[in-house]
Amino acid sequence: MDFCKVNSRDAAGSLLAHSIRFDKSNFKKGRKLSEEDVTALLAAGIEEVTVARMARGDLHEDEAAAMVAAAIRGANLNQTAAFTGRCNLIAQARGLAVIDRGRLDAFNLTDECITIATVPPYGLVEPRQMVATVKMIPFAANGKIIDQAMQTLGNEPLISVAPLRARQIGLVQTELSGMKVSLLDKTFAALNQRLAHLDCPPAEERRCAHDPSEISSALKELQAEGCELLLVSGASAIVDRRDVVPQGIAQAGGAVLHFGMPVDPGNLLLLAEWDGLPVLGLPGCARSPKVNGFDWVLERLLCDLPVGSRDIMQMGAGGLLMEIAQRPLPRSFAVEGTPDPEHEGRPLAPRAPKIAALLLAAGQSRRMGHANKLLADVNGKPLVRHAVEALKAAQISDLVVVTGHQAQEVTSALADMELVFAHNPDYASGLASSLKRGLASLPGQPDGVIIMLGDMPRISTAVINSIIAGFNPVEGRSICLPTWQGKRGNPVLISRQFFAELQTLHGDVGARHLLSDYPELVAEIAIDDRSILDDIDTPEALAALRTDS
């Protein structure tokens, strides 16, 4: 890749190295400069620009990032579209992040141009949380370097999410003479707090004397009740493989697999197996709600991940937990700099933004004559269905369809699809009323909304996902729209921070004024698809669409 300063007249086709703001335009770094861009730069008196030019055999940053992300993605992960050399893997289920640390290090050691960052191995992740990000450092890299890095990955996924599986857990608590019942109650409450956090029902409990035979009988009762994981909390901590608790497990027919772990607190944990069921002898610290080694083993077992002697012995790195006062809350994603309303003000781990979609299907199609273009047949289905299907397949949380003119017919054309319909009785007043009606009908509190016209049947799901991938208000990308050869098109993604402003619109006015009012927050997403400029406004355009389809 060539990185240099050139005369603006010679910059077409190059990638802009540094962002440039002039008049009401804002060219972001990484933009592929078109002939129209060059004309605009020269008109603004900008005679030189710093650019990057790809050489033969180079891979563009987005192509390389997407390729690596696809290679490392395992089960229960969703891949975003690549943007600015970054491609993210997002959790689709609640569970533990399973990461091959050795292959991850080997990949990152290959070359400085391409990187993978992940959450900690075996960390608990939530749906929509970012689990990994692939980042190309330069705008492009030699394809041979990327191939060399890819070879370190092998043929198996590098990262996956093992989902939590709720199940019934049994707890045996032993008692010694003079032991306070309140201590047993505290242990039971702390366990159930853990289980609730891991989506499990309260434990089945048995209390018995601190005696091997009593422990054996209690374990058999809990197995008969259908418990899939058995725990024993002894009145006295386990200090040896031949102590009372392991003896009780052995009398029931179980076998001790490992005793002790390099995690503090949690050193005195015992791992056993009985008739296919895991059995844990709990360390004394399990009586406390504070995080300890028991949590690490419990979470893996509830995600159906194997836990053997070697697994426990490899938990030492990061295993010093003595200073952790309580289960830490993950940091906030802060799309708008505020807590997520779905989690009652608690901060969240970094996550993918929640993007809803708004399809405007209320217009009268005046330029089409008497026909409603949205109901016109295109490839055997109403025109409006094409746009709805593209949105439904995209990485959105909810889809609201705003109806107006011939609302019943439009609704009927989409009746078999899971949608939210919002009728705008004031549709004749113009676009603003439909936009406001749709925004008011959005379920939940999304971080942003894709606004799309119902008469754009050629828009693909890939285009929509590329726009979503560019959205990041923290980095100044609060308004995202696609461009084709420097020309701006639709649909547009708008951050929640502008919803109140959009509710003040009147007449046949949409959201386009935001582009000129907030140029510093606008991100243009270059799309190799002219369909972003097309809509079907006339009988001639409809006829051409049918001919091309």
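Residues numbered from 1 in each chain as written. Predicted model: local features only at pLDDT ≥ 70, side-chain atom pairs only at ≥ 80, totals over all residues. Heavy atoms only, no water.

1. Concerning the overall build of the protein chain
Let me state the cut-off plainly: Elements are defined by DSSP. Helices are runs of H or I of four residues or more, strands are runs of E of two residues or more, and each kind is numbered from the N terminus. Think of it in three bands: with a 1.4 Å probe and only protein chains considered, a residue is buried below 20% of the maximum accessible area for its type, exposed above 50%, and partly exposed in between. Residue exposure ignores everything except the shown protein chains as possible cover, and the areas themselves are Shrake-Rupley values with a 1.4 Å probe. The sign given to each residue is positive for Lys and Arg and negative for Asp and Glu; His and the chain ends receive no count. The location of each charge is read from NZ of Lys, CZ of Arg, CG of Asp or CD of Glu.
The helix and strand tally for the protein chain stands at 16 helices and 30 strands. C-alpha extents for the protein chain along the principal axes are approximately 90 × 60 × 40 Å. Residues classed as buried in the protein chain amount to 51% of the 549 residues present. On the protein chain, roughly 24500 Å² of surface is accessible, and the fraction owed to carbon and sulfur atoms is 50%. Across the protein chain, 53 positive and 65 negative side-chain charges occur, with their mean positions spaced 2 Å apart.

2. As for the sheet that holds strand β17 (residues 229–233)
Backbone-to-backbone hydrogen bonds pair the strands of a sheet. The strands run either parallel or antiparallel. How we decide: DSSP bridges decide pairing: two strands pair if at least two such bridges lie between them. For helices, the fitted axis covers only the stretch in contact; all axes are lines through C-alpha atoms, and the angles between them, taken along N-to-C directions, range from 0 to 180 degrees. Any pair of residues with heavy atoms lying within 4.5 Å of one another is described as a contacting pair.
As summarised here, the arrangement of the 6 strands in space is β16-β15-β17-β20-β19-β18, forming an open sheet in which the pairing is mixed. Taken across any chain shown, the strands that pair with only one partner, and hence form the sheet edges, are β16 (204–209) and β18 (255–259). Mean inter-strand twist for the sheet, computed between neighbouring axes without regard to direction, equals 20°. Across the face of the sheet, helix α6 (residues 212–224) comes into contact with β15 (169–175), β16, β17, β19 (270–274) and β20 (277–281) while running at roughly 165° to β16. Sitting on the sheet, helix α7 (residues 244–252) is in contact with β17, β18, β19 and β20, with an inclination near 10° to β19.

3. Some words on the nonpolar core
Here is a general trend for soluble globular proteins: nonpolar side chains tend to be buried in one another's company. Keep this limit in mind: The set of buried Ala, Val, Leu, Ile, Met, Phe, Trp, Tyr and Cys residues whose side-chain atoms join them within 4.5 Å is what this entry labels a nonpolar core.
Grouped together as the largest cluster of nonpolar side chains are 41 residues, with contacts concentrated most on Leu359, Val388, Leu391, Leu399, Ile450 and Ile464. Among the secondary structure elements, those contributing two or more residues to this core are β21 (355–361), α10 (383–392), β24 (399–403), β26 (448–453), α13 (461–470), β27 (479–484), β30 (522–526) and α16 (539–548). Looking at this core, the element that brings in the most residues is α10, giving 6 residues. If we ignore the near neighbours within four places in the chain, the residues touching Leu359 are Val384, Ala387, Val388, Leu391, Leu399, Val400, Val401, Val402, Met452, Leu453 and Gly454.

4. A word on the sheet that holds strand β11 (residues 124–125)
Strand order in the open sheet formed by 3 strands is β11-β9-β14, and the pairing between neighbours is antiparallel. Where the open sheet ends on each side, the last strands, each with one partner, are β11 and β14 (159–163). Taken together, the 2 bridges between strand β9 (residues 95–99) and β11 define a ladder with antiparallel strand orientation. Opposite Gly95, over in β11, you have Val125 as the bridge partner.

5. Comments concerning helix α1 (residues 35–43)
The following threshold applies: Working note: the arc is built from the helix axis to C-beta atom directions.
When we look at burial in α1, the residues that qualify are Asp37, Val38 and Leu41. Looking straight down α1, one finds its buried side chains confined to an arc of 100°; they lie on one side. For α1, exposure combined with an orientation more than 90 degrees from the buried face picks out Glu35, Thr39 and Ala43. Where the residues of α1 are buried, they touch β3 (20–22), β4 (25–27) and β5 (48–53). Once α1 finishes, Gly45 follows within two positions and takes phi at roughly 80°, a positive value.

6. Considerations on the confidence of the model for the protein chain
Basically, it comes down to this: Per residue, pLDDT measures the predictor's confidence, with a range of 0 to 100.
In this model, the protein chain carries a mean pLDDT of 90, and residues with pLDDT of at least 70 account for 93%. Confidence over residues 324–348 falls short of pLDDT 50; this stretch has 43 contacts with residues more than four positions distant or in other chains.

7. Considerations on empty space enclosed by the protein
Note the threshold: Grid points spaced at 1 Å over the protein atoms alone were grouped into cavities, where a 1.4 Å probe fits but cannot get out, and pockets, open sets with protein on both sides within 12 Å along at least five of seven lines, with lining residues defined by an atom within 4 Å of a point. Grid points are joined across faces, edges and corners, and a volume is the space filled by probe spheres set on the points. When residues are sorted by character, Ala, Val, Leu, Ile, Met, Phe, Trp, Tyr, Cys and Pro go into the nonpolar class, Asp, Glu, Lys and Arg into the charged class, and all the rest, Gly among them, into the polar class.
For the structure on display, the rule yields 1 cavity of 30 Å³ or more. Empty space within the largest cavity amounts to approximately 40 Å³. Lining the largest cavity, in full, are Asp455, Met456, Pro457, Arg458, Ile459, Ser531, Asp534, Asp535 and Ile536. Taken together, the residues of the lining of the largest cavity break down into 4 nonpolar, 1 polar and 4 charged.

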